[in-house]
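Residues per chain are reported as follows:
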Amino acid sequence: MRTDAPTPVRTIGILGAGKLGTTLARLALVADYRVLLAASGSAQRIALIAEVLAPGAEAVTAREAIDGADIVVLAVPLGKLGNVPLDALRGKIVIDAMNYWQPIDGTLEAFENATVPSSELVRDAIPGATVVKTINHMGYHELEGFTHDAGHPQRKALAVASDDPDAVRLVSEIVEDFGFDPVDAGTLADTWVLQPGGELFGVVVTRDEMERVLAAARQPA
């Protein structure tokens, strides 16, 4: 699917005001993006979280975040996806930063016994949106602790995968601005390697190291 997104992205909507969501908000603010932060609570409650943990982020409702953003990040527990106004995401590029994590989500049968990566199920749950998988494979504390300027020898990599090459390019620019080297990880069907149990999940590596892991993962068994 092709999605015509504003270029360049200037406003990022983040759904989820937990540890990951607020970390991403801080990274985006440092990179001079406008940030709309939303969660399941009222905008007033989120305003206090934003003031303390992401000063400069604008606390809004989920629909306001979606409507006002050039790109939307899903940073909620996967089990809470049903609480998101998914219909409002039609026509949007959506970053899926979620993982199926049973201790937090409980047992979700669709994901527990899935024969496709979780990002494909997320895509199917959001008709009309373009889903990009990234960020999920690195912990929130590492996201903030391993940023470097472009060209730094210790700069780390974030994988970016989507069925839409234009969306990969757009999100890769955001990853660059956040302080990481983006690596094209293929389509959503290839994202087994990024989710829990995959070769890149929880691993912090450079671009060259990530490209080697991805190349090995693509080799036939």
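Structure shown above.
Keep in mind it's a predicted model, so treat the numbers as computed, not measured. (Residues numbered from 1 in each chain as written. Predicted model: local features only at pLDDT ≥ 70, side-chain atom pairs only at ≥ 80, totals over all residues. Heavy atoms only, no water.)

Quick word on the overall build of the chain
A tally of helices and strands in the chain yields nine helices and eight strands. Considering only C-alpha atoms, the chain reaches an extent of 50 × 40 × 35 Å along its principal axes. Taking contacts inside the chain between residues at least 6 apart in sequence as the whole, the part at least 24 apart equals 68%. Entry remark: accessible area of the chain is about 10,100 Å², with carbon and sulfur atoms responsible for 52%. Taking the average place of the 18 positive charges on the side chains of the chain and the average place of its 30 negative ones, the gap between the two points comes to 2 Å. (Helix = DSSP H or I, 4+ residues; strand = E, 2+ residues; numbered from the N terminus. Contact = heavy atoms within 4.5 Å. Areas by Shrake-Rupley, 256 points an atom, 1.4 Å probe, with all protein chains shown as cover. Lys, Arg positive; Asp, Glu negative; His and termini not counted. Charge placed at Lys NZ, Arg CZ, Asp CG, Glu CD.)

Comments concerning the sheet that holds strand 5 (residues 93-96)
Sheet strands line up and pair through hydrogen bonds in the backbone, either parallel or antiparallel. Pairing in this open sheet of eight strands is mixed, and the strands run 3-2-1-4-5-6-7-8 from one edge to the other. The sheet terminates laterally at strand 3 (58-59) and strand 8 (181-184), the two strands that pair on one side only. Pairing geometry for strand 1 (residues 11-15) and strand 4 (residues 71-74), over four bridges, is parallel. Looking at strand 4, one finds that L15 is bridged to L74. Of the strands in this sheet, strand 4, strand 5 and strand 6 (130-133) touch helix 6 (residues 118-125), which is tilted by about 160° from strand 6. Those strands touched by helix 8 (residues 165-178) are strand 1, strand 4, strand 5, strand 6, strand 7 (157-162) and strand 8, and its axis lies near 160° from that of strand 7. (Pairing = 2+ DSSP bridges. Axes fitted to C-alpha atoms, helices over the stretch in contact; angles between N-to-C directions.)

Thoughts on the packing of aromatic side chains
Under the criterion given, the structure shown has three aromatic pairs. Plain terms: the ring middles of Y33 and F178 are 6.3 Å apart, the flat faces sit at 85° to each other, and that makes the pair edge-to-face. A residue pair is termed long-range when its members are at least 10 positions apart, and Y33 in the loop between helix 1 (19-30) and strand 2 (34-38) and F178 in helix 8 qualify at 145 residues. (Phe/Tyr/Trp six-rings, centres within 6.5 Å; stacked < 30°, edge-to-face > 60°.)

Digging into the environment of V30
Within the secondary structure layout, V30 lies in helix 1. Residue class for V30 comes out exposed when judged on its relative accessible area of 70%. (Buried < 20%, exposed > 50% of the residue type's maximum accessible area, 1.4 Å probe, protein only.)

Comments concerning helix 8
Taking 1.5 Å as the rise per residue, helix 8 with 14 residues should run 20 Å; its terminal C-alpha atoms sit 20 Å apart, in good agreement. All of the buried residues along helix 8 are A167, V168, L170, V171, S172, I174, V175 and F178. Sitting at the amino-terminal end of helix 8 is D164, which places a side-chain oxygen 2.8 Å from the backbone nitrogen of D166. Just downstream of helix 8, G179 is the residue with a positive phi angle, here 105°. (Expected span 1.5 Å × (residues − 1). Polar contact = N/O pair within 3.5 Å; in protein donor to acceptor, adjacent residues only side chain to side chain.)

Examining the pattern of salt bridges
Throughout the structure, instances matching the rule amount to eleven salt bridges. We note a salt bridge from D87 to R63, for which the minimum N-O separation is 3.1 Å. Separated by 24 residues along the polypeptide, D87 in the loop between strand 4 and strand 5 and R63 in helix 3 (residues 62-68) bring together distant segments of the chain. On the basis of relative accessible area, D87 is assigned to the exposed category, the value being 54%. The shortest N-O distance in the salt bridge between R155 and E176 comes to 3.1 Å. Of this pair, R155 sits in the loop between helix 7 (140-145) and strand 7 while E176 sits in helix 8; the two residues are 21 residues apart in sequence, bridging distant segments of the chain. Residue classification places R155 among the buried residues on the basis of a relative accessible area of 4%. (Salt bridge = Lys/Arg side-chain N within 4 Å of Asp/Glu carboxyl O.)

By themselves, these figures tell us nothing about what the structure is for.
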